[in-house]
Amino acid sequence: MFETIDPKQLRRIESVHRGFLYQHLFGAGCLLLAAENNVEEIRVERDEDIEVLLHDRLVYCQIKTREDKLTSGDIADTLDRFDILRREHSKSRHSLKAEFWIVSNSEPNGPLAFRMKEDTWPADVRITYPGCTKHSPEYFPPPWRDLNTAVEWCSLRAGKVPLGRLSGPTLAWKLAALVHHASTGESARNDHGFRTTELPSLFEQIILQLQRFPAAPEPYRELQDEPSLDEPDRIRLITGFSGSGKTSWAAECARHSGANLAYFDVSGIPAEAFASSLTRELSARSEVDSAARSTLLAPGMSGIDSLRILDRYLQNNSKTIQIVVDNVHKISASTVAVTVAATSHMRWLILAQPGLETGALAAALGVEGDSLLGFTLDSIAAEFRAVNIPISALTADRILRITGGLPLFTRQAASMADKLYGKRVEVMCDELEARTHTVSTAQELLLNGGLSALPQSAREAAAVLSLSDISLTAHEARRLICDALRVSPAQAAASIRLVSDLGIISCGAEEILMHDSFRLVSGNTVSAMPADTIFRAFTSLKEIIIAPGKKGWDFSRQSFLYRLLPQIGETKTLVDLATHNDEIFAEHGYVSLVRPLLQNVVEKSNAPASDRFWALDTLLFWDFQENTTSEVGSRLTKLEQLLLECGTDDVHKRAAFALKQLLKARLDRDIAKATSIVKDAETWCGDDPARLLIFKYNLATTEFLCGVFELSARHSQEIIAGYYTLLGLREEDVNFASQLSILQKLRNEGEETFSNLKRVGDAHQLLARALKKLGLVKPLARIHAHKFYVLGEAITSAVGVGQDAADDFVERGDYEGALMFLDQYTLPIVEEFKLLEYVVPVRAQRAVVLAYLGEEEECREELDNLEQFAIESPTQRAEFKNQQRLVESILSRRRTLIAEDLPDDDVLESRWQLKQKIGRNDLCPCGSGKKYKRCCLRNSS
């Protein structure tokens, strides 16, 4: 991921482009009003932004878009320019009278409004703005407050064009694109003008360009990593299964493109007629003159020859056209390749389903196909909200896994939940995953064809691959199929090739993974397999994951392993993993998966005392982490009994018990007891520095909770230094260094190293919190904590400290820094690791930051998207409501400050005063002594 080097520069660029789009839409509005107001010509970007030519006068219009009120300084250059134009007209170089207008999206401030009333104000200069009491001329659209209002007005007006076959929004966007093109002075519009007499043909031309495009769905839902239609490559191949929304995506992109587009669906067209049919379509859309058309369509001329002539004609006349060819998989790859190769100037966008012909076409054209991914979580939630079924981010992700996010399958899932399951989405998901549903889905009907085209051996290989949630190397995929189906490596490889050719699996250089949408369909084959085949497959996957020689931890594989072990009866292995990696299980959200298993071990009297000790030790650790204290006392007593039963000479068990005693002292805010436990530990684990640092960290945490912040900060710094020594790092290795450069300096990357990386992150976070309580600032503390959490794959801690760091930036008034930290460091972790419970909280926090920055439109869009989700947690629901109220407060206060026309310093100072948010980890203001997130925030829903 590439980071924005200069966020301020990015914001300036965005502001410039907003101004240009406003101007182009205003020009489009003038074109829509021209004919009925006796306008002879509209010119753009000549002597002024917009010029309107009438029979007796020339109207010059300057467009001004501002976030704040319009000032005298904003229009000083404009008035000077108007003065020059006025003098030119007075010298009779123009026979027309001059008239001058300034159109602004914001009203004049106090000094400018006063100046406009003075006698010295030019009589022929007028300013119009939203809410202006003096009406604009009829040939101008009304001044708009923002771009949304501009698009809405132009769309409504465009919808009134007589005999129009385009929707209003489509025509409006096309006109804005043409205004943009005319502003460049390219050969087609080198005079920058649109004559009213040509408007009917201009509108007709636009209608011809898009009349064959299918209508885009309303509303159109966004896809993941959606590609752009306007890419520089002359030939592009976009693949997607039936139902992936290829045609809808192209139609939506076409609505917003200024390119000369032609849509051509090959369905039902014989291969031999492809080139000739396409040439006839393109010649009608390209304004080919009659002489050229007669040559193109001469009797006996082959389709390929005609296409070559048309391609040269377009090139010689400096015309371009982009052809969107749909359903290309329905004709032979050789036919399409020959047709495309006959051109050198035309641009091609080819839409096809994956398969053998599509693979052959990609090879023949020398291109790599791009795949359309499924809906985003926002889009999935919006589809279910459209049928009045609010779903959480967790459920949206479940739908994504079942349907692959393909639009058609997602919409049918929403319809099924509504009509067949009484809005019980979870029940529907359960049945689809267990394949106990009684109504066939569109997904099964459409995708079964691909699987049925395979021989039985390849179908079974695909079914085995569908059991893996993780990507596999080619070697691992072959091994899995060989182990499960008891076939040779050559047979396994042949099956993988067949399945890959149909697009059922992605088969890259480094990984093989089944497309999610096929898992539901492959499940039917899985159900028909013998139980021992499934058992062999799961066992093989386990051995692949735990194979020796892996450096470090691959946490996606470990997570899959945790879910895999119970399915092959290896609960003891899972218990062993949990007791040795209790922090990792907590970080990755697998506590609920293992807790019942550990509880069962503790309660089994015939289980070895050592197993019961470690199971109970892990349960106690999670109790302390989750602040569930009801069973802590009894469990600690039981743990001591098990320690005595096992024998106190085992230093590992003794250290584990002492640590739980320390955590109990921390819970009780008992510094004396905590200090005593640590001093005692120093006498018998001093030769194990890593273990001793854990004790010291918990003592420093106890000091923090008891309000001894200075001591806690000092001890935190000592702990950090201790971990640096342990890891072989120096402070200069960490300051301003990337995670990768730190990782390269480590002595080793074993399991214990990753645990220590997480713990040094904990120490940095504790230092940051203690210094903040002391009123001291060390900005790098949070940033270092985040670095080490990411290095140690402590993902939930990384997100939490990322949110805290953003809060720190806000408190210092650095809103751009807060937005940068959320966008570049926090949200990517939420998305990559699918921390779905953080989707709403982090993005709601981002909306607050956008409000501080004055980005009202983007802020409201973010909140609107989040409102599509059902928020099941009362704590998160309460926090989201608080964020909404804070956003409204910030935006309201900001509008008041701007209306009062305060200087920049006063506005900034007032923004500081707007910071009323209570930190999640701060003490609750009610005086309970609990953290805010554990007290009033939880109860405010």
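Above: the structure in question.
Being a predicted model, the structure only gives us computed values, none of them experimental. (Residues numbered from 1 in each chain as written. Predicted model: local features only at pLDDT ≥ 70, side-chain atom pairs only at ≥ 80, totals over all residues. Heavy atoms only, no water.)

1. Quick look at the pattern of salt bridges
Turning to step 1, where the next piece is worked out: Under the definition given, this model contains 60 salt bridges.
Turning to step 2, where the next piece is worked out: Among the ionic pairs, aspartate 83 bridges to arginine 87, the shortest N-O distance being 2.5 Å. Placement of both aspartate 83 and arginine 87 in helix H2 (residues 72-90) is noted, with a separation of 4 residues, approximately one turn of the helix.
Turning to step 3, where the next piece is worked out: Two residues, arginine 730 and glutamate 732, come together in a salt bridge whose shortest N-O distance is 3.6 Å. (Salt bridge = Lys/Arg side-chain N within 4 Å of Asp/Glu carboxyl O. Helix = DSSP H or I, 4+ residues; strand = E, 2+ residues; numbered from the N terminus.)

2. Regarding the sheet that holds strand S10 (residues 347-352)
The strands making up a sheet associate through backbone hydrogen bonding, with each pair oriented either parallel or antiparallel.
Turning to step 1, where the next piece is worked out: The parallel open sheet is built from 5 strands, whose spatial order is S8-S9-S10-S7-S11. Strands at the two margins of the open sheet, each flanked by one partner only, are strand S8 (261-265) and strand S11 (370-371).
Turning to step 2, where the next piece is worked out: Both strand S7 (residues 235-239) and S11 contribute to a ladder of 2 bridges, which runs parallel. Counted as the bridge partner of threonine 239 is serine 371 from S11.
Turning to step 3, where the next piece is worked out: This element, helix H12 (residues 356-365), spans S7 and S10 of the sheet and lies at about 160 degrees to S7. (Pairing = 2+ DSSP bridges. Contact = heavy atoms within 4.5 Å. Axes fitted to C-alpha atoms, helices over the stretch in contact; angles between N-to-C directions.)

3. Re helix H21 (residues 517-528)
Turning to step 1, where the next piece is worked out: A large share of H21 lies buried, amounting to 9 of its 12 residues.
Turning to step 2, where the next piece is worked out: By the burial criterion, the buried members of H21 are Ser517, Phe518, Arg519, Leu520, Val521, Ser522, Gly523, Thr525 and Val526. (Buried < 20%, exposed > 50% of the residue type's maximum accessible area, 1.4 Å probe, protein only.)

4. A few points about the environment of threonine 796
Turning to step 1, where the next piece is worked out: Within the secondary structure, threonine 796 is located in helix H37 (residues 795-811).
Turning to step 2, where the next piece is worked out: Look at threonine 796 and you get buried, because its relative accessible area is 16%.
Turning to step 3, where the next piece is worked out: Separated by 210 residues in sequence, threonine 796 and alanine 586 have C-alpha atoms that sit 8.7 Å apart.
Turning to step 4, where the next piece is worked out: Those residues in contact with threonine 796 that lie beyond four places of it in its chain are Glu587, Leu835 and Tyr838.

5. Remarks on the state of the cysteines
Turning to step 1, where the next piece is worked out: Per the stated rule, a full pass over the model turns up 0 disulfides.
Turning to step 2, where the next piece is worked out: Cysteine 154 takes part in no disulfide bond, and the closest cysteine sulfur, belonging to cysteine 30, lies 9.2 Å away.
Turning to step 3, where the next piece is worked out: The exposure class of cysteine 154 is buried, given its relative accessible area of 0%. (Disulfide = S-S within 2.5 Å.)

6. Quick look at the pairing of S8
Turning to step 1, where the next piece is worked out: In terms of burial, S8 is largely enclosed, as 4 of its 5 residues are buried.
Turning to step 2, where the next piece is worked out: Examined bridge by bridge, S8 and strand S9 (residues 322-326) share 5 bridges and lie parallel to one another. Residue pairing in the sheet places tyrosine 263 in a bridge with valine 324 of S9.

7. Here we look at the packing of helix H29 (residues 651-667) against helix H31 (residues 689-705)
If you want to describe how two helices pack, look at the angle between their axes and the distance between the axes.
Turning to step 1, where the next piece is worked out: Following both chains from N to C, one finds H29 and H31 inclined at 10 degrees, their axes separated by 9 Å at the closest point. Classified by the angle between their axes, H29 and H31 sit roughly parallel to one another. Seen from H29, the contacting residues are Val651, His652, Ala655, Ala658, Leu659, Leu662, Leu663, Ala665 and Arg666; seen from H31, they are Arg691, Ile694, Phe695, Asn698, Leu699, Thr701, Thr702 and Leu705. (Parallel < 35°, antiparallel > 145°, perpendicular 65-115°, else oblique.)

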